[in-house]
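For reference, the chains in residue letters:
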4 protein chains.
Amino acid sequence: MEVSNPDPDQSAISQFQRVRGQTLALTEGLTAEDMVVQSMADASPMKWHLAHTSWFYEHFILQRYADDYQLFNSDYQYLFNSYYDAVGPRHARPERGLLTRPPLSDILAYRQHIDQQMANVLNQQQPEVTELLTLGLHHEMQHQELMLTDILHLLSANPLAPALQHQAVAVSDEQVTAEKMLSHEGGLVQIGASEQGFSYDCEKPRHQFYLQPFKLANRPVTNSEWLQFINDGGYQNPLLWLSDGWHCCQQHQWQAPLYWRQQDGGWFSFSLNGLQTVNPDAPVCHISYYEADAYARWAGKRLPREQEWEVFAAKQPQNLQKANFLEHHIWQPTACTPQTGFDKLFGDVWEWTQSPYTGYPGFTAAQGELAEYNGKFMANQFVLRGGSCASPRQQLRSSYRNFFHPHQRWQFSGVRLAEDQ
Amino acid sequence: MEVSNPDPDQSAISQFQRVRGQTLALTEGLTAEDMVVQSMADASPMKWHLAHTSWFYEHFILQRYADDYQLFNSDYQYLFNSYYDAVGPRHARPERGLLTRPPLSDILAYRQHIDQQMANVLNQQQPEVTELLTLGLHHEMQHQELMLTDILHLLSANPLAPALQHQAVAVSDEQVTAEKMLSHEGGLVQIGASEQGFSYDCEKPRHQFYLQPFKLANRPVTNSEWLQFINDGGYQNPLLWLSDGWHCCQQHQWQAPLYWRQQDGGWFSFSLNGLQTVNPDAPVCHISYYEADAYARWAGKRLPREQEWEVFAAKQPQNLQKANFLEHHIWQPTACTPQTGFDKLFGDVWEWTQSPYTGYPGFTAAQGELAEYNGKFMANQFVLRGGSCASPRQQLRSSYRNFFHPHQRWQFSGVRLAEDQ
Amino acid sequence: MEVSNPDPDQSAISQFQRVRGQTLALTEGLTAEDMVVQSMADASPMKWHLAHTSWFYEHFILQRYADDYQLFNSDYQYLFNSYYDAVGPRHARPERGLLTRPPLSDILAYRQHIDQQMANVLNQQQPEVTELLTLGLHHEMQHQELMLTDILHLLSANPLAPALQHQAVAVSDEQVTAEKMLSHEGGLVQIGASEQGFSYDCEKPRHQFYLQPFKLANRPVTNSEWLQFINDGGYQNPLLWLSDGWHCCQQHQWQAPLYWRQQDGGWFSFSLNGLQTVNPDAPVCHISYYEADAYARWAGKRLPREQEWEVFAAKQPQNLQKANFLEHHIWQPTACTPQTGFDKLFGDVWEWTQSPYTGYPGFTAAQGELAEYNGKFMANQFVLRGGSCASPRQQLRSSYRNFFHPHQRWQFSGVRLAEDQ
Amino acid sequence: MEVSNPDPDQSAISQFQRVRGQTLALTEGLTAEDMVVQSMADASPMKWHLAHTSWFYEHFILQRYADDYQLFNSDYQYLFNSYYDAVGPRHARPERGLLTRPPLSDILAYRQHIDQQMANVLNQQQPEVTELLTLGLHHEMQHQELMLTDILHLLSANPLAPALQHQAVAVSDEQVTAEKMLSHEGGLVQIGASEQGFSYDCEKPRHQFYLQPFKLANRPVTNSEWLQFINDGGYQNPLLWLSDGWHCCQQHQWQAPLYWRQQDGGWFSFSLNGLQTVNPDAPVCHISYYEADAYARWAGKRLPREQEWEVFAAKQPQNLQKANFLEHHIWQPTACTPQTGFDKLFGDVWEWTQSPYTGYPGFTAAQGELAEYNGKFMANQFVLRGGSCASPRQQLRSSYRNFFHPHQRWQFSGVRLAEDQ
C-alpha cells in the first residue's frame, strides 16, 4: 500500500505551511551571498528556488482563483518562470545567477505574500485549488531536493570546503550487509501509479508489463566496492563503458565519483557535512549513469529495469517508512546495515535504472500549461528510482520516476545491481 | 516468415562476391577526390569504407583461419579499425578524411587481395568461417548504406550540387495513398529474432512483450504533409517539441528537412540524383527524431514503439519483397501509391520509433571482440525500423533494429505515425 | 609638467586612507549579493576587488616590512592572488564568482585589519615601503575603475536594469564642439614617463620617437556621429572592418555599442545611472577597437598612434585638471562643449589608439614578483589613452598606457580621430 | 641595394611562365587525393591554391583587359575568391576541402586556359597589365610557399608519415657558427620599400624611424639550443611566457616545436623529406611567436624589432643571394655554418619580430578591390622577416613583411635574438 502524500490527514493549510517552512529551513546557515550564486548551468541559485516555488502558486493558483489578485511584482513572471513556454518568455536558465536583484529580502517578502494569499484561497476549499495545491507542494518538494544538490555543488567549488551543517554521522559497529541477489519470477505485472492519491502524469497510466525472471540486489553498491572498481582500472578500461560514456569519461577525466578527492594517500568525499574520509560501508553516491553502467559490467551484472525495481519496491512499504530522507537532516548516505530483505530501496541514493525515460503506454501529458511538466523531457534521460537522503519523504512512492541525463552526477545518485535469472 | 539472408541458396563464395561487387559498384561515377574527403565527423570517406569493410574480413577471418596469412599491410590494422577497443588503438574517427595515403589504388588492391584470400578460405567450408562470413557480409551491407548517406552529405556541401547519378524518378499518375490508421488488439506478442537465420545480438533473444491496443498508419508521412507542418509554424512553436529537441532546432536554425532548400519561391531537395523540386507524394526524408516527434505531436498522434512496428511488419512479407531498396538504384524515396494494406513498411525511409535503443530482456552481447558491435551504443539513441532506399535488401528483416542519435539527420530517415486505441 | 600622484603634499597615511576610503565608497548602494557575483570571465566580483587590493599590501608590504606580521588568513594568499605566477598557485579567474565564502563581512574585516597594520608600517616611514605604497595605491585606483566597469556589466545583465546611482546629468544648452583637426609638425619627440614621480614600468624609459606630421581631432567622436555610422550600414559593411574585427562583429551580431538598446523606435543606453536615452552630444562609449577602427575608416580618417596622442596631451595640463573623472561621481561621459583647443583628452572615455601594446625601446620589466605587473600582457592588446569618467584622477598622466584586447567593450572606451597631414 | 623582382631582364611572358611552371612543379609526387584535402581551417588544399592563383589573373587582369573575355567557368568566381569582400560572396574558407568537384583535371585545364589567355594579353604590353601581372606573380609566389606549408601539415597528420620528396640533406663537417651579437648604433634610419621595383602597399611609404642602439644575433637559434630550453623546463615555466602565450601553451599542451616527436628516447622532426632525427645545428623551425618570445626571455635577450632586422638586412645583399630558398628544393632549414657576418638573414626560417603588424606612418591601402590585400589584417599579428626554405627567392627583399598570428606554427618560422645595447 502506497503512501499517498502529502499527508491526507492534515488540512490543506497545515500541509502547505509545513512544506513552505521546510523549504526555508534548508537555507539555515546560508548567507545571502551563498543564495544568489549559480555554480553551473544545471544548477540554480537558492534564491531562485525560493522565488520560483512561490511563483508556481502565484501563476497556477492565485492568478486564477484568488479574488482580485494583484501580482506581487509583474517582473517576477518573467524572472521566475522555469521552463514553461506556454506561460511566456523567461529569463535564460544559465543566467539565473546574474539576478542579484531583486535581493533576497524581496524574495522573502514575496514568499510571505504568497503564503498569506494562499491561506486566504485555501480557506475557500475549492476542489480545483486543492488539486493544484497538491501539485504545487510536490513541485516544491522536488525543489527542496534540488536546493540541497545545488548548494552542495556550489560549496564544493569553494577551496575552503565549507560545510552546510555539521551533522555527526554515526558509524555503525555492525558489519555491512553482504550483497545478495533476490529473485523474482517475472510474468505480467502492474506498473505505474493508480488514479488514487497524487502522482505525476508520467507515472500513469497504470498498465500491464511483461517481465522476464530476474534478480535484484538486496542493497546498493557501496563505496568499498567502488574502490575495488577504481583500483581494478575501471576508469581506464574502455571495454567496460558505453561508447558515449567512454567519451564523456575521457573528456572530463573522471577518476572517481564527483565529490571524491584523493589526498594524503586516502580518499575523501565532500558533502554537506564537509570533507570526510570516504565511508566504505555507505552507498556510493554522485555517480553518472555511465559510471553505474560500467560498474555493473565490471561486476558481471547489469542495471535493473525500472519495472523490476518497482515490483519489488511496491511490496516493501516498511522500506519507505524507515528510509534516510531529507527530514533526517543527515543529507548524505549512511551505511548499509545487516538485514534479511531489502536495504535502502528508498532514500540514501537514487538508483539509476537501465530504463530510458519515456512515456508509458497510453501516456497523455497533463492539460494546458502543465503539459510541459514532465512530457517534454522524454529523450536522452534515464529513470532513477527510490529517492535519496535529500528527498522529502512525502514526495516518494514506489511508482515515482526521477530522470536525469546519463552524464549528470551532481544529484544523490547511486546504483543497485540486477541480473537475469 | 522472415527472409533469412544472405540468400542461403547461394554458395558462400558467390554471396561474398556479390556483396563485394555491390560495394564497388556504389563508387561508379566517383573520382578518387570524391572518395577521400570526410564532410563531417559522423560521416566517413568512401575510401575508408572500402578499406574498413575489407579489414573486417582480414581481422576476424583471415588472421584466424587462413593458413600462414600475411597481412596485406600491417599499418591497416591501425588505420581501418573503426571502433573496436579490444582490437587495439586506432586512427581517430574525425581524422579519417586526412588519410590521403594510402591512395585509392592501394585500397583497391587491398580489396582484391582480401577477395582472393577469402576465396581460398571459403573453399575450405569451415563452419566458424561461414558464420563470421555472414556477419562480415551484413557488416558490409550496413556500410553500403553508409556510403550512400555519406557521399550524399559530401555532395550536398558542394555549391555545384553535383549528382551521383541521374536516375529518372517516375512520377505516378495515381493519387497518393490516403492516410489510414490500422488497428492492432495488443496483448502478449513475440518480439525479436529467432535463433534461425542471421540476426544481430541486439535483436535477440526473442521474447514476450505485452502490447496495449494501438493503431499504426498505413504509410509514412509525405512531403506535402510536412509542408503543412512547416507552413503552420511547426519549426517555430516550442510547445510541439521535446526540450532537448527545441534547443537543437534553435541552435541549428532548422527550418525544414536536412537537404531542403527554398529558392525561387519553391522548395527543392538535394538528392543523389541532384537538386529536384520536392515531390509532394514521397515520404519526407532526412529528418531527425526531434522533428519526427514534433510532427507527431502537431498531428495529434505519436511515434510508434518498435514492437508495434514489428508485429505488423512480421505479418507483411510481401512488403519486404517489393520495397524500394538500394538494389533499385533509385536512391531516394518514391511516392506512396494507393493500396489496401501497408505501404512502405520496408524500404524508402527508415522510420523513427519512440523506443530508445536498449538491450532486450536477456540480451547478452556477442563474445570477444565482437561484443562491441552493438551493445556499447545503448544510450542516447532511438530505434529506426524498416530500411530505406539505400539499404541492401538482404540486410533487412522485421526484427532489424537500426539506431541513431535523435539529432542526426543525414540518414534516410522518415516517420510513420501511431496512436493509442 | 606632469601631475605626479598621488598628491605628494599629503602624508603617506592620509593618501592611503583617502584611496582606501574611495574604494569602499564605490560600494555604496550595493548589497552583498551584488558584490559576490561575477558576470563574465573578464570581470571580477566587487568583493574580490575589495579583497585583492588588500592582499596586494599584505603580500608586497606587510609580509616583508611589518614586524612579526601574522597573515589575516592564510587561505587568502591563494584566493586573492590575481595573476602572479611567481607568488604561487591561485584560484582560477573565471571562478572568482563562486567564492560565496569568505563572506563580505570577513572581507570588510580583512580590509580593516590591513588598514591598521599598514598604518603601523607607514608610521615607520621606510623608503622601500613608500615606493611600494605608491604602487599599491595606483594598483588600487586601477581596481576602482574596474569595480565600476564590472558592476556596470553585472547590472546590465539584469532585466530589471537597476541603476547604481541616480546622478542627474546636466544636458548643456550649448552646442557641441564642432570637430576640428589640430596639426602637429612631427619630428623627433620625447615619449614616455620621466624617472620623477610615479609611473609604471611600461611607460618607461622616456625615449626619442620620430613622428611624421599629423592631425588630431579636438574632441572624441560623439553618439550622434556614431548614429550616422549605424544608419549608414557601418555594422553591415565588411569593407570597413579589419578581417578579425568583421569575424567578431558577425559572431556576436554587433549592431551598436555594448550597452545600447533599441526600443520604442529610439536608442537607449544602459549606464550606472540606469537606462537613458542616448545623449547625442556625449562621446560614444563602450566600443571595441574593431568598431573604433571601422568607424575611422568610414569617416575617411584613422586612429591616432599613442605617441601622437601623448605629445598633444603633454602640453595640455589644464585638460587633466578639469576632466570628468571618477571623483565627479557622474560615471558616464558628458557632452563635449565648445572650446578653442582640445576637449576631453583626459577623462570621459578612454581613447583607442592604433598602437599595439608593446615594450618601449629599452623596456625592462620591474624586478621580482612585480615583473608580471605589465610586461606579460604585451601581445594582442591595443593601447588606450586619457582615462575615463571611471578613472581616479590621480591615476592619470599623459604617459599613462591602458591596454585591452581589441574585442573588449565593457571598459569606458571611445575614440578620437587622427589623420596624416 | 634591393633586388627588384621578378627579374626585370626577363620578358613578362617568360616571367609568367616560369612562375606558373614553378607552382605546378610543387605538386610533383602528389596524387589528386593529396591535393583535395584540407587539414585545418588555416590551410587550404593544393587544388584550391592552383585554382585561386589562376582566378587572381582572371579576375584582376583578364576580365578587364582581355578582348571579349569569356569566363572559364562562372562558378569559379564564387569558389576561388579567397577573401575579397569587394569582389563578392565566396565559398567559406574552412570548407575549401569539401570541393571534390570541380576535379583536379578541370583545375589543370583552368590553369592552361588562363595561361593561354594571359599570353595573349601580355603580348599587347599594356602598362596597367604589367603592373597587375607583377602583383599576380608575387601573389602566386606567396601561394607557392603556402602550398608547401599546407601539404606539410596534411602529411604530418598521416600516421604513415609520408615524405613529399627525399632530398638528402648534407650534414656539414664544419662546426655550427657560434652565436655572436652584432651591434648597431641606432639613430634615424630609413625603413620601408622605395617606390622603385615591386613591393606591397604595407611596405610603404619609406619613412624615417628612430632606433635606439641595439645588437642582433649573427644567426638564428638552433635546434640544439632549443633542446636546452626544453630540458630546462621552458615549456613548464609560466614566468617565461606572455600571459596569452601561457594559456595557449597549456591549452594545446605544447612540449616542443610543432613537428617534433619524441620516440625511442630521441627527438625526431617530421619534414617534407619525411621523419628525421632533429639536426642540432639547423635553425629551430615551426615555432609560434609565443614560444619565440619565451625562449628569448629564457635566454636573457629579446626578439628584434622589424626595423632592427631591416637595417641590417638592407646592408647584406649577398645574404639574399646565397640563401636556402624554395628553388633549392631542400624545403627544410639547413645547418648554420661558420662565417664572419650574418648567417641566414634570408631563407631557411622566417624570423619572428616583436613588431605587431601595423600600417607604417602614411600607409594607404591599394585602391579598389586590392585594398583588402594587406591592410585588413593589421591586428593581432606579428611581423616575420627574411623568408624561408619554402619562399621563392624573387619574392624576398629586406623590406618584405610577412605576418601571422602569435599562436600559429605551421609556417617555417624560427627566431633570431636581439638585445639592447
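What counts, and at which threshold
- Residues numbered from 1 in each chain as written.
- Chains lettered and ligands numbered in written order.
- Predicted model: local features only at pLDDT ≥ 70, side-chain atom pairs only at ≥ 80, totals over all residues.
- Heavy atoms only, no water.
- Helix = DSSP H or I, 4+ residues; strand = E, 2+ residues; numbered from the N terminus.
- Contact = heavy atoms within 4.5 Å.
- Lys, Arg positive; Asp, Glu negative; His and termini not counted.
- Charge placed at Lys NZ, Arg CZ, Asp CG, Glu CD.
- Least-squares fit on C-alpha atoms with pLDDT ≥ 70 in both.
- Pairing = 2+ DSSP bridges.
- Axes fitted to C-alpha atoms, helices over the stretch in contact; angles between N-to-C directions.
- Buried area = accessible area lost by both parts, 1.4 Å probe.
- Nonpolar A, V, L, I, M, F, W, Y, C, P; charged D, E, K, R; others polar.
- Core = buried A, V, L, I, M, F, W, Y, C linked by side-chain atoms within 4.5 Å.
- Buried < 20%, exposed > 50% of the residue type's maximum accessible area, 1.4 Å probe, protein only.
- Salt bridge = Lys/Arg side-chain N within 4 Å of Asp/Glu carboxyl O.
- Polar contact = N/O pair within 3.5 Å; in protein donor to acceptor, adjacent residues only side chain to side chain.
- Domains from an automatic or database assignment.
- Phe/Tyr/Trp six-rings, centres within 6.5 Å; stacked < 30°, edge-to-face > 60°.

**As for the overall build of chain A**
From N to C terminus, chain A includes 11 helices and 12 strands. Considering only C-alpha atoms, chain A reaches an extent of 65 × 55 × 40 Å along its principal axes. In chain A, once contacts between residues fewer than 6 apart in sequence are set aside, the share between residues at least 24 apart is 79%. Taken together, the 29 basic and 45 acidic charged side chains of chain A have centroids lying 4 Å from each other.

**Here we look at the relation of the copies chain C and chain D**
Here chain C sits on chain D after a turn of 180° about the axis and a move of 0.0 Å along it, with an RMSD of 0.0 Å. The superposition of one copy onto the other is thereby described by a two-fold rotation axis. Every residue of chain C has its C-alpha some distance from the rotation axis, and the shortest such distance is that of Asn380(C), at 2.4 Å. Interface overlap between copies is the fraction of interface residues in one copy that are interface residues in the other; for chain C against chain D it reaches 100%, indicating a shared surface.

**Regarding the sheet that holds strand 4 (residues 214–217) of chain B**
All names here are of chain B. The antiparallel open sheet is built from three strands, whose spatial order is 1-4-12. Edge strands, defined here as strands with exactly one partner in the open sheet, are strand 1 (181–184) and strand 12 (418–420). Each strand of the sheet is rotated relative to its neighbour by a mean of 25°, with strand direction disregarded. In terms of strand pairing, strand 4 meets strand 12 through three bridges, oriented antiparallel. Residue Phe214 lies in a different strand from strand 12, and its bridge partner there is Asp420. Here helix 10 (residues 306–313) sits on the sheet and contacts strand 1, strand 4 and strand 12; the angle it forms with strand 4, its principal contact strand, is near 70°.

**Brief notes about the arrangement of the chains**
Here chain B and chain C are not in contact; the least distance found between their C-alpha atoms is 14 Å. The closest approach of any C-alpha atom in chain A to one in chain D is 14 Å; the two make no contact.

**Brief notes about the interface of chain C and chain D**
Opposite the 34 residues of chain C that make contact, chain D presents 34 residues. With both chains or domains summed, chain C and chain D bury close to 2600 Å², and 56% of this area falls on carbon and sulfur atoms. Going through the elements one at a time, strand 3 (207–211), helix 8 (243–251) and strand 8 (350–356) of chain C are the ones with two or more residues in the side of chain C that touches chain D. In terms of residue count, strand 3 of chain C provides more of the side of chain C that touches chain D than any other element does, three residues in total. Of the residues contributing to the side of chain C that touches chain D, the split by class is 17 nonpolar, 11 polar and six charged.

**Focus on the nonpolar core**
Of all hydrophobic cores here, the largest spans 501 residues; its most connected members are Trp226(A), Trp241(A), Trp226(B), Trp241(B), Trp226(C), Trp226(D) and Trp241(D). Once you skip the residues sitting within four places of it in the chain, Trp241(A) turns out to touch Phe229(A), Gly234(A), Tyr235(A), Trp246(A), Cys249(A), Trp254(A), Tyr290(A), Glu291(A), Ala294(A), Arg297(A) and Lys376(B).

**Topic: the interface of chain B and chain A**
Taken together, the contact between chain B and chain A spans 33 residues of the former and 34 residues of the latter. Surface buried jointly by chain B and chain A totals about 2600 Å² across both partners, of which 56% is contributed by carbon and sulfur atoms. In this assembly, chain B and chain A are joined by zero salt bridges. Between chain B and chain A we count 10 residue pairs in polar contact (both at pLDDT 80 or more) in total.

**Some remarks on unusual backbone geometry**
Glycine aside, the phi torsion of most residues is negative, and most peptide linkages are trans. Cis geometry marks the peptide bond from Arg101(A) to Pro102(A); its omega dihedral reads -5°. For Pro102(A), the position within the fold is in the loop between helix 4 (75–79) and helix 5 (104–123). Here the residue pair Lys204(B) and Pro205(B) is connected by a cis peptide bond, since its omega of 0° sits within 30 degrees of zero. Its location among the elements puts Pro205(B) in the loop between strand 2 (187–191) and strand 3 (207–211). The phi dihedral of Asn380(A) is positive, around 70°, even though this residue is not glycine. Tracing the chain through its elements places Asn380(A) in the loop between strand 8 (350–356) and strand 9 (382–385). Judged by relative accessible area, Asn380(A) falls into the buried class, the value being 16%.

**Side note on the domain arrangement of chain A**
Residues and elements named next belong to chain A. By the assigned domains, chain A splits into domain 1 (12–156) and domain 2 (181–420). Between domain 1 and domain 2 lies a buried interface of about 2900 Å² when both sides are counted; carbon and sulfur atoms form 64% of it. The tally of links between domain 1 and domain 2 comes to two salt bridges. Arg64 is paired through a salt bridge with Glu369; the nearest N and O atoms lie 3.2 Å apart. Remark: the boundary between domain 1 and domain 2 carries 19 residue pairs in polar contact (both at pLDDT 80 or more). Elements represented by at least two residues in the side of domain 1 that touches domain 2 include exactly helix 1 (12–25), helix 3 (46–65) and helix 6 (127–156). Broken down by element, the side of domain 1 that touches domain 2 gets its largest block of residues, 18 residues, from helix 6. Across the side of domain 1 that touches domain 2, the residue classes break down as 17 nonpolar, 10 polar and six charged.

**Looking at the relation of the copies chain B and chain A**
Mapping chain B onto chain A calls for a rotation angle of 180° and an axial translation of 0.0 Å; the resulting RMSD is 0.0 Å. Taken together, the interface assignments show that 100% of the residues at the interface of chain B recur at the interface of chain A, consistent with an identical surface on both copies.

**Thoughts on the pattern of salt bridges**
Scanning the entire structure with this criterion turns up 84 salt bridges over all chains. A salt bridge links Glu306(A) to Arg385(A); the nearest nitrogen and oxygen atoms lie 2.7 Å apart. One end of the pair, Glu306(A), is in helix 10 (residues 306–313); the other, Arg385(A), is in strand 9, with 79 residues separating them in the sequence. We note that Glu306(A), like Arg385(A), is buried. Close ionic contact of Arg111(D) with Glu140(D) constitutes a salt bridge, the shortest N to O distance being 2.8 Å. Linking Arg111(D) in helix 5 (residues 104–123) with Glu140(D) in helix 6 (residues 127–156), this pair joins segments that are 29 residues apart in sequence. Judged by its relative accessible area of 2%, Arg111(D) falls in the buried class. Judged by its relative accessible area of 0%, Glu140(D) falls in the buried class.

**Considerations on the sheet that holds strand 12 (residues 418–420) of chain C**
Residues and elements named next belong to chain C. Overall, antiparallel pairing links the three strands, which are arranged 1-4-12 in an open sheet. What marks the edges here is a single partner per strand, and that holds for strand 1 (181–184) and strand 12. Ignoring which end each strand starts from, the neighbouring axes of this sheet average 25° apart. Packing of helix 10 (residues 306–313) onto the sheet brings it into contact with strand 1, strand 4 (214–217) and strand 12, and relative to strand 4 it is tilted by some 70°.

**Notes on the packing of aromatic side chains**
In the structure shown here, the tally under the stated rule is 134 aromatic pairs over all chains. Taken together, a centroid distance of 5.8 Å and an interplanar angle of 50° make the contact between Tyr235(B) and Trp241(B) tilted. This pair shows no difference in class: Tyr235(B) is buried, exactly as Trp241(B) is. Look at Trp55(D) and Phe60(D): their rings are 5.9 Å apart centre to centre, the planes differ by 75°, and that puts the pair in the edge-to-face class.

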